[in-house]
Structure formats: C-alpha cells, structure tokens
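Chain residues, written in single-letter form:
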Amino acid sequence: MDFLKGLNPQQKEAVAHVEGPLLLLAGAGSGKTRVITHRIAHIISEHHVPGPCVLAVTFTNKAAGEMRERVQRLLGDPSTMHSPVVSTFHSFCVRLLRRDGKALADVRHGFTPRFNIYDNDDQIGIVKSIYRQLGLDEKTFMQYRAALSRISHAKNKDEGPEDMHKAGTDPITSRLAVTFERYEAALRQANALDFDDLLLQSVRLLRHDGETRSKYNRQFEFLMIDEYQDTNRTQYQLMRLLSEARPNVCVVGDEDQSIYGWRGADIRNILDFERDYPNAKVIRLEQNYRSTKNILDAASAVVANNKQRKGKWLWTEHGAGDAIRVYEAMDGENEALFIADTIERSLRQEPKDRVAVLYRTNFQSRQIEEALRRSNRKYLVVGGFSYYQRAEVKDILAYVKALLNPDDSIGLLRIVNIPARGIGKTTIEQVERFAADNAVSAWAAMGQMIEERLLSGRAELALSTFHRMMEELREGIQERPLPAILRAILDRTGYQRVLENDNTPEAESRLGNVQELVNAAADAAERGETVADFLDHAALVADADGLDEQAQVSLLTMHNAKGLEFPVVFIAGMEEGLFPHSRSHNSESELEEERRLCYVAMTRAEKKLHMSWARYRRRYPGAAAEKSIPSRFLAEVPNQLVQRGGAKAAAPQVDLFAERHEVRESAKKNLYTGKTYNSVDNIKQYFSERGVPAPRGIAAPQPVPPPARPAGKPKAPFGPGASIRHPRYGQGIVLRREGEGDEAKLTVQFAGHGLKKLIQKYAGIKVEE
DNA sequence: TGATTGTTTGCTCCA
DNA sequence: CAAACAATCA
C-alpha cells in the first residue's frame, strides 16, 4: 500500500523522511496525526522494520490507543510484528521501572520495582504532615500546593534540596528546602514515586545502567514524540537517552499550542532540537483542514498578539463560513441557558453535529450542566471529579497498595482507621513519632510498639487487631486473583458491612461503586492483568481518557480539549480573571500561555464557534455577584469576523433571564438525564477502557501470535514470521531479516526475553514447526 | 476516641 | 452551597 497517497507535499515529505532527525512543526488541524500514523505504517511496511522497534509517545492513553488502532487499520494486520509500541511518557516509564528498574537501587536507596505511585492527594498528605512536624502553617508560610509546585519545578530541573539550600538563606527558601528534603525522604522511605519521579528516576536509571540503556537503544530504532511543545526537560533527556544509538527521532509540535509551561514544559526543547541534531530536517505543515476560514483567521489574529513567537499563518481552502458568535450574558446562569438553548437550536438544524463546551476551570461546568439537564440534553463531563478519586475507590485501592508495599506509610495511615476501628488521632500521632524517631516505616513502628507494649490497653488492642488483620490479608497475595483480594479486603476490614448497615442513599451509591470496582478487577484479571498492572492503570488514568467520541455534547476544560475537534464549539467564561486566569496576570509569559490556550480552544472548532461572557458572575452559589470585564482575547478577535448577541445586542432575544426561577426549580426536581463521567453506570466502562494492553516489547512476557507472512515473498528458512528455537532464549518469532545467506542479521522476539538481534550463523538456532 | 454540630473558607490548568 | 476544619459532647 502506498502511504503517501492523498497527502499534500509537506505531509508526503514528512512521511518519506525515515532516517535521521525530523522536526515537524504542525499547525492546528494540519493533519499531523495522519502524518504520524502514515509515517509509522510506512516505516513498518515499506522499510520492513518490526513494529516493536518503533516507539511513539503521545500525550494521553486515549490518544495512544487511537494511534495504535489507526496504524493497525492502515496496515491491515494486528500481529505483533506490525504493532508499534505506543505509549504515554508516564506509562512508558512505569513499565521501564517495573521491568528493568532493579539497578536503580544502586543510586536510589531502598528502591524496588514494586514502588507505589503517589498522586496529588498523597503528595499533599505528605506536605501536611511535614508542616505539622516543622510547626509550619499553610496560611502564614505557604500553601501546600504552592510548596509542591516549587518542589516539582526543582525536580524537573534535576535539582535537589541541596540546590535549594544553596539558592538562598532567607527563612522562606530554607524552610522550603527542609520541606523538600523531608518530602523526598518520605517518598524514599515509602518506596514511592510521584509523577515527576516516574520520568526523573527513569532518566537516572538509564544514565546509571548501561545495560538497560543499550537494551532499549537496540530495540527502539525509531522514536516519535507527539505534542512535543509540551514536553519538559526530563522528557527531553529521556528522548536523548533512548535515541543515543541512532538519531532517528521525529518530534511533532506547535509552539502556538504550548499550554503546559506551569507543568514544566520547556520551549528550549524545540529550540535545542535543531542545536542537538544539527542535520535535523524541519518541515512545516501550515494548511489547515479542520476549520472554516473565519474561525482560523480569528484564532490566528488572537495568537498573533504574542511576542514570544516565531510567527506563522495557517491557511485553508475552506470558505469563510459562519461568523464567530460572541454572546454577552447578564450573569453566569444566563450564559449557561444561552449555551443550552443554542445547542438545542443548532442540533435541530444539524442533528449529527458533535458539540463541545469548553471552559477554563472545572467549576464552571456546574451551571452549564444544570442548564443542559433542564433541556433534557444528554452530555458527558470529561474530567472534573473523576470516579477513581472517590473516597471509597481510593480506600480500597489503598488497602491493596498497603498490602503489596507495607512501607508505604502515607497509604497505610490513610486506611488505618477506615472504617473506624478505634485507632484515633492520638494513637496515629504516637505511631508517626515513633516511626520518625527510629527511622522506620509506620508499619514497622506499629509492630515494634505492640511488641514493646508502648501503648495504652485500648490502643494496643485496636492496633494489634489491625496489624494481625493486615498480615492475614497479605498471605499469598501474589498468587491470589485480584477480585478475590478485593473481596477479602471488603469482607475482613468490615468496609462492606459498614456501608450495608448505613441505610443512606449515599452509602448505597458507595456500595455500588465498590461493587463496580470488584467487577472491573474481575475484567482486568480476565485480560491477564496483574494486581500491579491494575493499580498502575488506576494511577495513570487521565481525565482526557474519559472522552467518548460518540457523545453528542461534551463538557471539558480547554486543556483537556487539546488534540480534539468538534463541529460546534462553545467557549464559556470569556472574562478577565477567569480567562485569562487571575493567577496568570503577574507575568507576560504566563499571559501568553493563556493566549495560546485561547488559540487551542478556538481552533478546536470546525464549523461554528461561540464565545460568551457574563457581566456579573458569582464564584459560588450564595456569594455576591461580581462585575466582570470581558476578556482581552475577545477584543483581539477582528470585529468583521464577529456577530454579537446578548444583553446589549440590538437583535431581539429570548428573555432567558425571566425564566431563571423556573429553571432552578426544575433542576431541583432532578430532571437528570445527563450521563456524566462520574455516574455509577460508567464506572465499569471507565475501567474497561483503562484496560489498555501493555505495549508489546516492553510488557511482561506474553505469548507471541504467529505473524502473517508477507504475501508474495518466497519463504526464507529464517525469514520474517518463522518460528525458531534458540539454545538460550528458547522459542521465538523472527520479525526481520537483514542481509543475505547465513550472515544475515535476524531480529527475533523471544517470549520472556524480548527482542534480540542475532547473526544467523553464530546463533545456533533451529527452525521450529 | 469518635460522632455531631458549628464555623469558615472557597481560587486554575494535569499525568 | 460545598468541603475542610475546629470545637463540643457522649
């Protein structure tokens, strides 16, 4: 098949550029996913590169799944030898560390590949407890989140607490440095990694362990990185380490869509690419296939106000299309009603259109949901309060983690008194102090304190009962199937009983969630996932993974909308302070990032783009409504592209304002028809969607299906697809054969040993039937 | 120790 | 109007 067909000249050039570094500057809607998938298919099919030798990194698990599927459809062959490894940076790193991380223990004391992953809440928990130890107060010193963000930035720059100590001796910096130091110590003590660590420790591992580094270098001949503008420094180093042997790196990005500076994304990654790979080919994709000319021009005009920008202007062959509609609402409620109402009208005209409502902050979805429910419109909220953050789900998973990794003190203390079993604040504090004084984990501290009878009678009884229960649950945990483990936890801890005895609707819903978790675990077990796999998936789910293309109306943040497209797009809350957000008002560069976010949001639209703002907005129900100023970005949209409506417009409009009372009442009557991502019905789906099979090649050993033989080629004795036997590695499948005769170099996939490259005549291999 | 009640705060984006 | 926290009482 010709993978160049139907592409424009620049796209063709990018697909056909196989060897050597490639920087692809792909504007919004310029067909970059098409280029990436075609390029992968081209490399695998035309250059006979085994799929597992191609590594593609995307931003979300969802995008990874789609890319895998699209490549498969192009090649029409689902076998291993034609499946590239597609993954996010984070899940790639988790697999790297779990599979080959043992050597990291040399440089990170106490590390084992059975580490736990700490999420945001866990991190805050640690910082809270450090503040308590140091006598710091969130209000007078620094917010937990702010401290964590400083720590995270330092880690992304590969700086430790020592560097922070050196940076300043003022009380704030030095206290922060101490917090940082203890934070790192807590993670190491618990054998836990935070999200930054997943990347950082992977880099450390690859630097330290030459064998692993060369193993991965041998395997991955071609590397592709999507959304390159949003990678941070650690990810850059990872890329360098993985492509040390061959500079076959293709990165795809758009400086105008860089929206993760606050998470450490570094523009230098694009600039340095050309410096570090001087012979890099640079290709620009500037034809937009997605939006009407009006939408494209409006978005381009907005982002043109940024100074830190190389500058480019996308073009399209599409017609002008509808004007950009700007709506001025009386207040937030009126804005929501306008959106719901316009969606109805729009869908009556075009019933097949998909609609997205985009906003800057999650809390904005509330009012819009309410309005949509009222008009009986089904919708899907992506992200927000996602279901795995629910207390009951986290509790149960925390039990599993505590059983697998008893030294994870934060996790253990989370569940030590859930459900209530008489281990109160005082006892927990004693355990924490003992653990800190003796430099042991909380679990070890408990054991010792019981043995040495250091506790009051009541506390000792409660604690030793808990201790014994955990030990019993831990017995044989490696061998037992996941659903059985969960059920044992629910049963033995009394978690289920407590919920059952509580006859509130709240408890009932929790019970339902817990039940679904068990079902999801059963499904995962059937797919062959281990307990650790299941936990990893739960830890690495992204909000954006929850998107459902079938949903007619989706509500999501602008950040989550990255990479997506919709015929009809609403951007709500176009107000100063909300968007651009007040927290980004202090620096020009943060403001420019907000503007890029606006560009990203606008360019999601294919046909219709609505932007709205409210003259008065209250931050939460009951608060005073504050007068707002329209976002500066609205003023940056050229007037001739805009059609205005709303409070000040001359055009007659529905008096939505008067309906407000009625709306509030009907919404109260629970006219709930919307399917939200958090609802109990979706939990099963949620987890089954997480069941992304581990990318082949790095995954745990698995049987390799015999790949189809390339049609029309004579069957070589050790040609692609042949099953062979190696004296050391056992049975394997030949993926590629380079060279002639018995000097040929074979790339072979062995079950349990991964990919190996062998010279035929030295390897002592036999054909197997 | 833990459940209940009262008080205060609320503020980004995310793997 | 929540959630998070503090204070109070059983």
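Check the entry above for the structure.
The rules we used
Residues numbered from 1 in each chain as written. Chains lettered and ligands numbered in written order. Predicted model: local features only at pLDDT ≥ 70, side-chain atom pairs only at ≥ 80, totals over all residues. Heavy atoms only, no water. Phe/Tyr/Trp six-rings, centres within 6.5 Å; stacked < 30°, edge-to-face > 60°. Helix = DSSP H or I, 4+ residues; strand = E, 2+ residues; numbered from the N terminus. Buried < 20%, exposed > 50% of the residue type's maximum accessible area, 1.4 Å probe, protein only. Lys NZ or Arg CZ within 6 Å of the ring centre and 35° of its normal. Salt bridge = Lys/Arg side-chain N within 4 Å of Asp/Glu carboxyl O. Near = heavy atom within 4 Å. Core = buried A, V, L, I, M, F, W, Y, C linked by side-chain atoms within 4.5 Å. Contact = heavy atoms within 4.5 Å. Expected span 1.5 Å × (residues − 1). Polar contact = N/O pair within 3.5 Å; in protein donor to acceptor, adjacent residues only side chain to side chain. Nonpolar A, V, L, I, M, F, W, Y, C, P; charged D, E, K, R; others polar. Pairing = 2+ DSSP bridges. Axes fitted to C-alpha atoms, helices over the stretch in contact; angles between N-to-C directions. Parallel < 35°, antiparallel > 145°, perpendicular 65-115°, else oblique. Left-handed = near helix turned anticlockwise from the far one by under 90°.

> Describe the packing of aromatic side chains, listing the residues and the values that go with them.
The full count for this structure, using the stated rule, is 13 aromatic pairs. Geometrically, the ring pair formed by Tyr260 and Trp262 is tilted, given 5.5 Å between the ring centres and 45 degrees between the ring planes. Ring centres 5.2 Å apart and planes at 70 degrees place the aromatic pair Phe579 and Phe633 in the edge-to-face group. Within this pair, whereas Phe579 is found in the loop between strand S13 (566–571) and helix H25 (588–602), its partner Phe633 is found in helix H26 (residues 632–635), the two being separated by 54 residues in sequence. Here Phe579 matches Phe633 in class, with each residue buried. Taken together, the ring pairs connect Phe59, Tyr260 and Trp262 into an aromatic cluster. Of note, Arg263 hangs over the ring of Tyr260, and the distance from its end group to the ring centre comes to 4.2 Å. Here the guanidinium or amino end of Arg474 rests over the ring plane of Trp443, the centre of that ring lying 4.7 Å away.

> Let's hear about unusual backbone geometry: which residues, and what values?
Of note, the amide linkage connecting Ile418 to Pro419 takes the cis form, showing an omega dihedral of -10 degrees. Considering the arrangement of structural elements, one finds Pro419 in the loop between helix H17 (409–415) and helix H18 (425–438). The amide bond that connects Phe579 to the next residue, Pro580, takes the cis arrangement and shows omega of 5 degrees. The backbone of Asn376 sits at a positive phi, close to 60 degrees, despite the residue not being glycine. Positionally, Asn376 belongs in the loop between helix H15 (365–374) and strand S11 (380–381). Looking at Asn376, the relative accessible area reads 48%, which means it is partly exposed.

> Go over the pattern of salt bridges with me, naming the residues and quoting the values.
If you walk through the whole model with that rule in mind, you get 42 salt bridges. Between Arg73 and Glu69 there is a salt bridge, and its shortest N-O distance comes to 3.9 Å. Taken together, the residues span about one helical turn, with Arg73 and Glu69 both in helix H3 (residues 61–75) at a distance of 4 residues. A relative accessible area of 48% means that Glu69 is categorised as partly exposed.

> Can you break down the protein's contact with DNA strand C residue by residue, with the values?
Taken together, Lys128, Arg366, Tyr620 and Pro621 make up all the residues around DNA strand C. The contact atoms of DNA strand C, taken as those within 4 Å of the protein, divide so that sugar and phosphate hold 44%.

> Please give an account of the nonpolar core that cites residues and values.
In a soluble, globular protein the nonpolar side chains are often hidden away together inside. Of all hydrophobic cores here, the largest spans 53 residues; its most connected members are Leu412, Ile415, Met446, Phe466, Met470, Leu486 and Leu517. Among the elements that line this core, the one with the most residues is helix H16 (residues 391–404), at 9 residues. When sequence neighbours within four positions are dropped, the list of residues in contact with Phe466 reads Leu412, Ile415, Val416, Arg421, Ile423, Trp443 and Met446. With 42 residues, the next largest nonpolar core counts Tyr260, Ala356, Val600 and Leu641 among its residues.

> Now, about H16: what can you tell me, with residues and values included?
In this model H16 runs 20 Å from its N-terminal to its C-terminal C-alpha over 14 residues, within 8% of the 20 Å that 1.5 Å per residue would give. Among the residues of H16, those classed as buried are Glu392, Val393, Lys394, Asp395, Ile396, Leu397, Ala398, Tyr399, Val400, Ala402, Leu403 and Leu404.

> Quick one: what's the story with the protein's contact with DNA strand B, residue by residue and with numbers?
Surveying the vicinity of DNA strand B reveals 27 residues, the closest of which are Arg360, Gly422, Thr426, Arg619 and Tyr620. Looking at DNA strand B alone, sugar and phosphate atoms form 47% of those within 4 Å of the protein. A distance of 2.6 Å is found between a phosphate oxygen of DNA strand B and a backbone nitrogen or oxygen belonging to Gly422. Within the contact set of DNA strand B, a base nitrogen lies 2.8 Å away from a side-chain nitrogen or oxygen of Tyr620. Tallied by class, the residues present in the surface near DNA strand B amount to 7 nonpolar, 13 polar and 7 charged.

> An account of the pairing of strand S18 (residues 730–738) is requested, with residue identities and associated values reported.
Within a regular beta strand, the side chains point alternately toward one face of the sheet and then the other, so they alternate between its two faces. In the sheet, strand S17 (residues 723–726) pairs with S18 via 4 bridges, with the strands oriented antiparallel. The residue bridging Ile724 from the neighbouring strand is Gly732, located in S18. Linking two consecutive strands that pair antiparallel, namely S17 and S18, is a turn of 3 residues. Relative to strand S19 (residues 745–750), S18 is paired through 6 bridges, and the arrangement is antiparallel. Residue pairing across strands places Val734 opposite Val748, the latter belonging to S19. Two successive antiparallel strands, S18 and S19, enclose a turn made up of 6 residues, where Gly739 displays a positive phi of approximately 95 degrees.

> Would you mind going over the packing of helix H4 (residues 89–100) against helix H24 (residues 531–540) in detail, with residue names and values included?
It is at 11 Å that the axes of H4 and H24 come closest, and there the two elements cross at 150 degrees. Classified by the angle between their axes, H4 and H24 sit roughly antiparallel to one another. For H4 against H24, the interelement crossing comes out right-handed. Residue-level contacts link His90, Ser91, Val94, Arg95 and Arg98 of H4 to Asp536, His537 and Leu540 of H24. A per-class count over the contact of H4 with H24 returns 2 nonpolar, 3 polar and 3 charged.

> Provide a residue-level description of the sheet that holds strand S6 (residues 222–225), including the pertinent values.
With respect to topology, 6 strands assemble into an open sheet ordered S3-S2-S6-S7-S1-S8, the strand pairing being parallel. Each edge of the sheet is formed by a strand with only one pairing partner; in this case those strands are strand S3 (85–88) and strand S8 (281–285). Looking at each pair of strands side by side, their axes are set apart by 15 degrees on average, direction ignored. Where strand S1 (residues 22–26) meets strand S7 (residues 249–253), 4 bridges bridge the pair, whose relative direction is parallel. From the neighbouring strand, Leu22 faces S7, where its bridge partner is Cys250. Against the sheet, helix H1 (residues 9–16) contacts S1 and S8, and its axis sits at roughly 145 degrees relative to S8. Across the sheet, H4 lies against strand S2 (54–58), S3 and S6, angled at about 105 degrees from S3, the strand it touches most.

Geometric values such as these leave the question of function open.
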